[in-house]
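# A closer look at the structure
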Amino acid sequence: MVKLEEKEQRNMGNWIIQFLWLVIALGLVASLFTIGQREMILERSKEVEMALDYDLFVRVASENGMDSSEALEEFKEAGITTLFIKEPTLARLEERGLVDIRSGEELLEDLMLAGEVLDFEVSGQSLYVQGYADGLTDWLYEAFLKRMEPERVDLVSIGDLKLLVLLPDPGSLPPGYVQPKTTGYKGPYNKQVMEMNLGLNIWDLELTDSLDFYRVVQLENYSDVSLEDIENIFAELGKYEIETIYFGQNEVLGYPDHIEEVGKLVKEGNYRVTYVENLSPIGMQALAKEIDYEVIRGHAMFPGQSSSSIRLAAKDRSIGLFINSSFSSLQGRSGFTPDTVREMRKGLQSAGYDFGKAEAFREYEPVRWMNLLTGAGLLAGFALLFLLIWRSFFGSRLVWLSLLGWLAGVSLLVYGLSPFRDIVAFLGAVSFPVLGIYSASRVFPRLRIRASLAAIVSLVVGSMVTLMGALLLNGYLGSVDYVLGFEQFVGIRLALVVPVLLTGLLVSSSYSFLPDAKSIKRLWNHRISIGQLSVVLLFAIAALVMVQRSGNLSLIPVGDLELQIRHFLEDTLAARPRTKEFLLGHPALIMGLLFGLQGWKHLESLFLVVAAIGQASLMNTFMHTHTPLGISLLRTFNGVWLGILLGLVAGWILVWIFKRIVILYEQQG
């Protein structure tokens, strides 16, 4: 009777497994539909814009003794499509020679030499600004009046000369402080005033109005901005042919009270909106919804950025606008030159892209029931892993708990709890890599073919299982907000570590390890040697490096040699495979299976745990929903075949070495 009950429980477990795989398959179909919607958007434009910071360009050209008009024409011929018009600041206006700024002490010295008599008091802490362009001083007065306390802004006259007077924040000045003559107006308490963005740059708009370039205009938010102020800005903007608006990295103009009105003005003016990836301003997501997500992903270039990096950004991250605001020279091998632009264009063309007018993104809406089915597939993966681990440790008793947990998860998913959506994504992300390792290890001993071929087939099967979960996750996170980076899967790095731990847990079940009070007490009282501690520390450091080296914002820099290898692989294979896959995870899986064939179970288990890193990395590839699916699939394929080659070579070499060690050990008794 007991055996019959155990058989029924085992049959129930098998039935649950079949049901969960069916849910995964249905979820995969739904996910592919959502992915198809997104791919139509990502693949419809192959043109990108290269924008030049106009203010910086004019200043650097002057410093290099170059005629800015002639130099600009050379850059246009090389491929520059767009001019980036920044909001002016006092510091930039001074560097351009458009204003003269003096401290109170400097002003008094100049006036005493000129014999002028003043009818106002000169303060040692204040800045005194004279604009050289027509109307500039009055314009600056109005700009600062909107951005600072009125008592800190004044306009005075000395004969026919107008001066703007700016006082630093009184709260920032020590008692009795007087600005030293040695620092003048560049002292620390005036830095905020000198670097404050001051509004629409009508001066550079006028200068560039006749030039044959697209233009991106910066508009920054400021406190207490009114709807009338915003309407006046757009009215002024309407006098020029402007294609794109950049709202900076802090707050969208009009945030938080006037986002809806700003959205209407953007749509009425037929403007596109851009933002820098990973640095979207507060309010950008709300504005994007108002303008039907017609935005362009931008990238802020860094000094010395290579053409390979530019090509990768366009191809892998769907960047449509590159903004160059970080060069210090327009000459020489280390400067930003027309030849640099030509090299970048050549790199883009090799990937099927070119300079032109970038096309804005477009809104699409995933079908809700399909998204729910995709989420149910991810939860089914977690339920399946739970069932496998449970059966490994406790047998077939209570296996129905996995199905009950899946039903509860689906109910919460249907209810629409926002935090639970991220939990579902994370559970799926950490489950399928482990299922991939499990599937590979189960397939291998059942194949009646040569060991090398069996190991290859097992790796492919395991990677396909992981790929199913990766496609589920890619579709599940495929909404426009995730693609544009307004919402992000927060568990990307943790999802690289947890599968390794879960694989270790699943593998440990083969040693019939069931903790009890005595074993826990023995473990607690066990003396740890320096060697054991060193191994644990080594693994901890390796895990930390692996996590930190993941993503585009790694805290650990990439060495020159590794960069060269990356560029070589990118140029040779079109989509560079991930190092954690082809150099670590996949070879470890091949070697682990070959070791198991020799009866070396401990080595097999260790290498299977390491192999989980490769499967987790494969899963990680598809979390980046802004990357076209074809690129991710090609990257995965390259990682698998390279991993197979390295794994077979390293595996048979290690098998041969270990066998020789065993023989020598036996010969010596």
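Residue numbers restart at each chain and count upward from 1, following the sequence in its written direction. Local features are withheld for residues below a pLDDT of 70 in this predicted model, meaning they are given only at 70 or higher, and side-chain atom pairs are given and counted only at 80 or more; totals for whole chains, interfaces and linings count all residues. As a rule here, side-chain values come from all non-hydrogen atoms in the structure, and water together with hydrogens is ignored.

### Re the pattern of salt bridges
Whenever a carboxyl oxygen of Asp or Glu lies within 4 Å of a side-chain nitrogen of Lys or Arg, that contact is scored as a salt bridge. Evaluated as defined, the whole model comprises 23 salt bridges. Notably, a salt bridge pairs Arg96 with Asp55, separated by 2.7 Å at the nearest N-O pair. Separated by 41 residues along the polypeptide, Arg96 in the loop between α4 (90-95) and β3 (99-103) and Asp55 in helix α2 (residues 54-63) bring together distant segments of the chain. With relative accessibility at 19%, the residue Arg96 sits in the buried group. Asp229 is the salt-bridge partner of Lys146, the closest N and O atoms lying 3.8 Å from each other. Here Lys146 is found in helix α6 (residues 136-147), whereas its partner Asp229 is found in helix α9 (residues 227-237), with 83 residues between them in sequence. Summary of the burial criterion: residues with accessible area below 20% of their type's maximum are buried, those above 50% are exposed, and those between are partly exposed, where the area comes from a 1.4 Å probe applied to protein chains only. When its relative accessible area of 38% is taken as the criterion, Lys146 is described as partly exposed. By relative accessible area, which is 15% here, Asp229 ends up buried. Strands here are runs of E lasting at least two residues and helices are runs of H or I lasting at least four, both read from the DSSP assignment and numbered beginning at the N terminus.

### Observations regarding the packing of α9 against helix α10 (residues 259-268)
Between α9 and α10, the least distance of the axes is 11 Å, while the angle of their chain directions is 15 degrees. By the angle between their axes, α9 is roughly parallel relative to α10. α9 and α10 meet at a crossing whose hand is right-handed. In this structure, α9 contributes Leu227, Ile230, Glu231 and Phe234 to the contact, and α10 contributes Glu261, Val262, Leu265 and Val266. Per-class residue counts for the contact of α9 with α10 are six nonpolar, no polar and two charged. As a rule, the C-alpha atoms of each element are fitted with a line to give its axis, helices using only the stretch in contact, and angles between N-to-C directions run from 0 to 180 degrees. Any angle that falls under 35 degrees is termed roughly parallel, while one over 145 is termed roughly antiparallel, one within 65 to 115 roughly perpendicular, and all others oblique. A clockwise turn of the near helix away from the far one marks a right-handed crossing, whereas an anticlockwise turn of less than a right angle marks a left-handed crossing. Note on contacts: a residue pair qualifies if any of its non-hydrogen atoms lie within 4.5 Å across the two residues. Under the convention adopted here, Pro, Cys and the residues Ala, Val, Leu, Ile, Met, Phe, Trp and Tyr are nonpolar, Asp, Glu, Lys and Arg are charged, and Gly plus all remaining residues are polar.

### Let's talk about the sheet that holds β3
Taken in spatial order, the four strands of this open sheet run β3-β4-β6-β5, and their pairing is antiparallel. The two strands at the open ends of the sheet, each matched to only one other strand, are β3 and β5 (153-158). In this sheet, neighbouring strand axes are inclined to one another by 30 degrees on average, regardless of whether the strands run parallel or antiparallel. DSSP bridges decide pairing: two strands pair if at least two such bridges lie between them.

### Regarding the pairing of strand β6 (residues 161-166)
Of the strand pairs in this sheet, strand β4 (residues 127-131) and β6 are connected by three bridges, and their pairing is antiparallel. Across the sheet, Leu127 pairs through a bridge with Leu166, a residue of β6. By the bridge criterion, six bridges tie β5 to β6 in an arrangement that is antiparallel. Considered in β6, the bridge of Val156 is made with Leu163. In textbook terms, the turn of a hairpin is the stretch between consecutive antiparallel strands, and for β5 and β6 this stretch comprises two residues, one of which, Gly159, has a positive phi near 70 degrees.

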